[in-house]
Amino acid sequence: MYELKNVTKTYRQAKRTVTALNNVTLSIPNGQMLAIQWPTGGGKSTLLQMLGALERPSSGSVALGDDVLSSMRDSKLAVIRAQEIGFVFQGFNLIPTLTAQENVETALAPLGLSTAERRSRAAQALADVGLADRATHRPAELSGGQQQRVAIARALVKNPDVLLADEPTGNLDEETRDDIMGLLEGLWRDKGLTLIVVTHDSAVAKRAQRRIHIKQGMVTEKS
Amino acid sequence: MFGTYLLRELTNRRKQTAIIAIGMALAIALVIIVNAVSGGVRDAQASVLASVYGVGTDITVSQAAQPPAAGTGGRPAFNVGAGDGATAGGARVINQTRLVATRGTATFDSTALATANSVSNVKATTATLSLENTTFNGTLPGGAKTGSSGGQGGAGQGTAPTGGSDGAGGSSFKVDSFSVEGIDPAGAAVGPLTAVTLSAGRTFTSADVGKDVVVLDSSYATAASLAVDGTISIGGTDFTIIGLVSSSSSASATAANAYIPLDVAQTVSNLPGVISNVYVQANSSANIAQIQADLKKSLPNATVNTQADLASSVSGSLGTASSLVSSLGTWLSIIVLAAAFLLAILFTISGVTRRTREFGTLKAIGWRNSMIVRQVAGESFVQGLIGGVIGVVVGLVGIVAVNLAAPTLTASAVATRAAGPGGAGGSGAGGGRGFGQHAAAATTNIVLHAPVTATIIVIAVGLAMLGGLLAGAIGGWRAARLRPAEALRSVA
């Protein structure tokens, strides 16, 4: 369960201070599918990075379960990211020189698994997203939808508690968008994940259990 | 994962890998070739020096010559008195021999040998006395003055000169000289005779002390039509030829034309109890500096040279090659190596910058900084290693090419028996010839052979790996400094 208390994040940008998050307080129960809607450029990625233990708040606290992410050392945050949090990015962020299978395996590298187990789990994750036959393909040889499936397989192969998706369908056409959202929903149900999707697409947001809208740092629950 | 990722990066980013590897290969090849040529030049210098100083000589002790006192010393002179020579047919036949210390060579007390021997870590010592035997032989007009010259401005009148070599008052004479080295007949471990091969007869034994026996350089013996069991006059004394020697190295000549026992040399040259050189062999090359320092302390007036000092006395194109290799070659290697390192570092940093998104993503999915650094450093290290291996191959090809071309260098090895400045002339002779006056010289042609050693190959590959690691460490440090959130934000 995520607990954000009075989280404020400011940046220095060209001699002026930009407030990306302003005193945000938010609670996200385990197993919830949450959609966060945010105006473009409003700092939604900042919130997602804070939830994903990539960023610390300027003030306030962020906790995942018993772990207070806002006060942890970098090395400990890396362990949290490696074990408990999966990421899916708008631009897929696959490593261009690695095959689909190898891209999925990168998520298991920090866990110190044997090569055989790493390969087996990566192959299973690819099969779960319907890409068993594309394991040896490099990203450039895959369509946008396939690349995002590989990214989802990479995020889920370590069996995380939380899946954070930043505009996961932002680069996809409508048909592929529905495929990907269907896949994410299926995995969320099957694995009991906490799924947090940041999107500007209302069609995507409407599929979530809970929707919040943040404007000028204030959280508003949407029905 | 590390190996797979590394392999994929190297094979899929071939251009970067090729540029770094080629840069490193060129530098490594240059280092290997320069080092091999340098080794060849050193070997050639050692060969030339051995002909003068003998094999195994680590240090020589000599003394700077002093300017001759006015009215004494200077160039050798032959004074013909009115009654000298045998008169025959109106001509006088003159035959004079001088055996003196070689010009520019200072002699010093032979106790220096014992002093050198007492220095710690000295394995062997021997002393020599370098002499020059000069013979004046010819015919001069006989009897008293046979004509009178006119006074200043006046026309002289007198009878036509008679006698001499042409019967008309002319003269004819020859001046012949050869070098003589007085050596310890029992000092076989170190000294000039260690660099020779016996070609006829025998060499010295301790039983030859005090005997008028001589060992000749075979080239000189051939030119002078001398053979074993024959005799040769040295300083007016007839010496029995017991053996002929030639240089062990085909590249150089022997140090002297004739070798005689040291005690005999001192007697016939009328230079009792003096020597001109002490040859010192260290028990380990690591002790040479210490021995040199101790000798300088014990013999404050002496000039103490190591082989490295002596190498500077080799002149000719070998000397030029030596300075070229040691200055231009070394600096070129350093510059190219630095450029290769810089190239590797810049390309690695550029690669890290280009892969900001990649490293940000890896950090987001839980990769620790150490894993990222290891990945970047590993890639650079292998690129350096590939460059090193290619460089070794190119370097070996270069060395083979040098050895096939076999450039011939001329070398003049001159004994650095320090000479003093030219002094005031004695009667009828000028002073010494000043600095650069040399006692023994061996001018020869040497074919340069560039040797390859396993050590230099290991060092070269090590340098390539070091370059790769350095580039990797800097690139990895930059990658580690990336904040994952910023890296991902930069993508957006």
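Criteria and cut-off values
Residues numbered from 1 in each chain as written. Chains lettered and ligands numbered in written order. Predicted model: local features only at pLDDT ≥ 70, side-chain atom pairs only at ≥ 80, totals over all residues. Heavy atoms only, no water. Helix = DSSP H or I, 4+ residues; strand = E, 2+ residues; numbered from the N terminus. Buried < 20%, exposed > 50% of the residue type's maximum accessible area, 1.4 Å probe, protein only. Contact = heavy atoms within 4.5 Å. Areas by Shrake-Rupley, 256 points an atom, 1.4 Å probe, with all protein chains shown as cover. Pairing = 2+ DSSP bridges. Axes fitted to C-alpha atoms, helices over the stretch in contact; angles between N-to-C directions. Buried area = accessible area lost by both parts, 1.4 Å probe. Salt bridge = Lys/Arg side-chain N within 4 Å of Asp/Glu carboxyl O. Patch = residues over 30% accessible without salt bridge, like charges linked within 9 Å, V, L, I, M, F, W, Y side chains within 5 Å. Lys, Arg positive; Asp, Glu negative; His and termini not counted. Charge placed at Lys NZ, Arg CZ, Asp CG, Glu CD. Core = buried A, V, L, I, M, F, W, Y, C linked by side-chain atoms within 4.5 Å. pLDDT = per-residue confidence, 0-100. Parallel < 35°, antiparallel > 145°, perpendicular 65-115°, else oblique. Left-handed = near helix turned anticlockwise from the far one by under 90°. Nonpolar A, V, L, I, M, F, W, Y, C, P; charged D, E, K, R; others polar. Polar contact = N/O pair within 3.5 Å; in protein donor to acceptor, adjacent residues only side chain to side chain. Phe/Tyr/Trp six-rings, centres within 6.5 Å; stacked < 30°, edge-to-face > 60°. Lys NZ or Arg CZ within 6 Å of the ring centre and 35° of its normal. Expected span 1.5 Å × (residues − 1).

Asker: Give me the overall build of chain B: which residues, what numbers.
Answerer: Scanning chain B for helices and strands turns up 12 helices and 19 strands. Within chain B, buried positions represent 46% of all 492 residues. Here the analysis covers contacts within chain B between residues at least 6 apart in sequence; of these, 83% occur between residues at least 24 apart. In the structure as shown, chain B presents an accessible area of about 21,700 Å², 59% of it carried by carbon and sulfur atoms.

Asker: Report on the sheet that holds strand E8 (residues 194–199) of chain A, specifying residues and quantitative values.
Answerer: Residues and elements named next belong to chain A. Strands sit in the order E6-E7-E8-E3-E9-E10 across an open sheet of 6 strands; the sheet is mixed. Where the open sheet ends on each side, the last strands, each with one partner, are strand E6 (85–88) and strand E10 (218–222). Here the average twist between neighbouring strands, direction ignored, is 20 degrees. As judged from the 5 bridges shared by strand E9 (residues 210–215) and E10, these two strands associate in the antiparallel manner. The residue bridging His213 from the neighbouring strand is Thr220, located in E10.

Asker: If you had to explain the interface of chain A and chain B to someone new, which residues and values would you point to?
Answerer: On the side of chain B, 23 residues touch chain A, which itself brings 28 residues to the contact. Overall, the association of chain A and chain B removes approximately 2,300 Å² of surface from exposure, summing both partners, and the carbon and sulfur fraction of that is 55%. Put simply, chain A and chain B have 2 salt bridges between them. The partner of Arg8(B) in a salt bridge is Glu102(A), with the nearest N and O atoms 2.6 Å apart.

Asker: Could you give me a rundown of the pairing of E6(A), with the residues and numbers involved?
Answerer: Residues and elements named next belong to chain A. Of the two faces of E6, the one lined by Ile85 and Phe87 and the one lined by Gly86 and Val88 are each fully buried. Here E6 pairs with strand E7 (residues 162–166) via 4 bridges, running parallel. Bridging across to E7, Phe87 finds its partner in Leu164.

Asker: Give me the sheet that holds strand E5 (residues 67–68) of chain A: which residues, what numbers.
Answerer: By way of backbone hydrogen bonds, the strands of a sheet pair with one another, either parallel or antiparallel. All names here are of chain A. Spatially, the 4 strands line up as an open sheet ordered E2-E1-E4-E5, and their pairing is antiparallel. Only two strands of the sheet have a single partner each, and these edge strands are strand E2 (16–28) and E5. For strand E1 (residues 2–13) and strand E4 (residues 59–64), the ladder comprises 5 bridges, and the chain directions are antiparallel. The residue bridging Glu3 from the neighbouring strand is Ala63, located in E4. The sheet contacts of helix H1 (residues 44–51) involve E1, E2 and E4, and relative to E1 the element is tilted by about 125 degrees.

Asker: An account of the pattern of salt bridges is needed here, citing residue identities and associated values.
Answerer: For the structure shown, the criterion picks out 17 salt bridges over all chains. In this structure, Arg177(A) engages Asp201(A) in a salt bridge whose closest nitrogen and oxygen atoms are separated by 2.9 Å. Here Asp201(A) lies in the loop between E8 and helix H7 (202–205) and Arg177(A) lies in helix H6 (residues 174–191), a separation of 24 residues in the sequence. The residues Arg177(A) and Asp201(A) share a single accessibility class, namely buried. Between Arg355(B) and Glu9(B) there is a salt bridge, with its nearest N and O atoms 3.6 Å apart. Separated by 346 residues along the polypeptide, Arg355(B) in the loop between helix H8 (317–354) and helix H9 (356–364) and Glu9(B) in helix H1 (residues 2–12) bring together distant segments of the chain. Relative accessible area serves as the criterion here: at 6%, Arg355(B) is assigned to the buried category. In this structure Glu9(B) comes out as buried when scored by relative accessible area, which is 1%.

Asker: Can you tell me about the environment of Thr17(A), naming the residues and giving the values?
Answerer: Residue and element names in this part refer to chain A. Here Thr17 lies in strand E2. Exposure remark for Thr17: the relative accessible area of 46% places this residue in the partly exposed category. Excluding residues that lie within four positions of it along the chain, Thr17 makes contacts with Thr10, Tyr11 and Arg12.

Asker: Break down a negative patch on the surface for me, citing the residues and quoting the values.
Answerer: Residues and elements named next belong to chain A. A cluster of acidic side chains, namely Asp173, Glu174, Glu175 and Asp179, defines a negative patch on the protein surface. Looking at the secondary structure, you find Glu175 in helix H6. Residue Glu175 is classed as exposed on the basis of its relative accessible area, which comes to 63%.

Asker: Could you give an account of the nonpolar core, with specific residues and numbers?
Answerer: Among the nonpolar cores identified, the biggest contains 52 residues, and Ile152(A) and Trp367(B) are the most heavily contacted of them. With residues near it in sequence (within four places) discarded, Ile152(A) still touches Val88(A), Val129(A), Ile180(A), Leu183(A), Leu184(A) and Leu187(A). Membership of the second largest hydrophobic core comes to 38 residues, among which are Val119(B), Ala258(B), Ile288(B) and Ile291(B).

Asker: Go over the confidence of the model for chain A, please, and point to the residues and values.
Answerer: The pLDDT averaged across chain A works out to 87; a share of 96% of its residues lies at or above 70. Per-element averaging of pLDDT across chain A places E10(A) at the bottom with 74 and helix H3 (residues 100–106) of chain A at the top with 95.

Asker: An account of unusual backbone geometry is needed here, citing residue identities and associated values.
Answerer: Residue Phe92(A) is not a glycine yet carries a positive backbone phi of 70 degrees. Structurally, Phe92(A) can be placed in the loop between E6 and H3. Backbone geometry at Asp229(B) places phi at a positive 80 degrees, although glycine is not the residue there. Its location among the elements puts Asp229(B) in the loop between helix H4 (218–223) and strand E11 (231–234).

Asker: Go over the packing of H1(B) against helix H10 (residues 369–405) of chain B, please, and point to the residues and values.
Answerer: Residues and elements named next belong to chain B. Between H1 and H10, the shortest axis-to-axis distance is 10 Å and the interhelical angle comes to 55 degrees. Judged by the inter-axis angle, H1 sits oblique to H10. Two packed elements cross with a definite hand, and for H1 against H10 that hand is right-handed. Two secondary-structure elements touch here, H1 through Phe2, Tyr5, Leu6, Glu9 and Leu10 and H10 through Arg374, Gln375, Gly378, Glu379, Val382 and Gln383. Classifying every residue of the contact of H1 with H10 by side-chain character gives 5 nonpolar, 3 polar and 3 charged.

Asker: Summarise the side chain of Thr199(A); cite the residues concerned and give the values.
Answerer: Residue and element names in this part refer to chain A. With respect to the helices and strands, Thr199 occurs in strand E8. Classification of Thr199 as buried rests on a relative accessible area of 0%. Polar side-chain contacts of Thr199 include one of 2.8 Å to the backbone nitrogen of Asp201.

Asker: Describe the packing of aromatic side chains, with residues and values.
Answerer: All names here are of chain B. Under the counting rule described, the total for this entry stands at 3 aromatic pairs over all chains. Between Tyr5 and Trp367 the ring centres are 5.9 Å apart and the planes differ by 85 degrees, which places this aromatic pair in the edge-to-face class. You can see Tyr5 sitting in helix H1 and its partner Trp367 sitting in the loop between H9 and H10, a full 362 residues away along the chain. On the accessibility criterion, Trp367 (3% relative accessible area) is buried. Directly above the ring of Phe2 sits Arg374, whose terminal nitrogen or CZ lies 4.6 Å from the centroid. Cation over ring: Arg481 sits above Trp477, and NZ or CZ is 4.8 Å from the ring centre.

Asker: Can you break down a nonpolar patch on the surface residue by residue, with the values?
Answerer: Together, Trp331(B), Ile334(B) and Ile335(B) make up a nonpolar patch on the protein surface, roughly 350 Å² of accessible area in all. Within the secondary structure layout, Ile334(B) lies in helix H8.

Asker: Describe H10(B), and please don't skip the residues or the numbers.
Answerer: Between its terminal C-alpha atoms H10(B) stretches 53 Å, which fits the 54 Å expected from 37 residues at 1.5 Å a residue. Just past H10(B), the residue Ala406(B) takes up positive phi, approximately 40 degrees.

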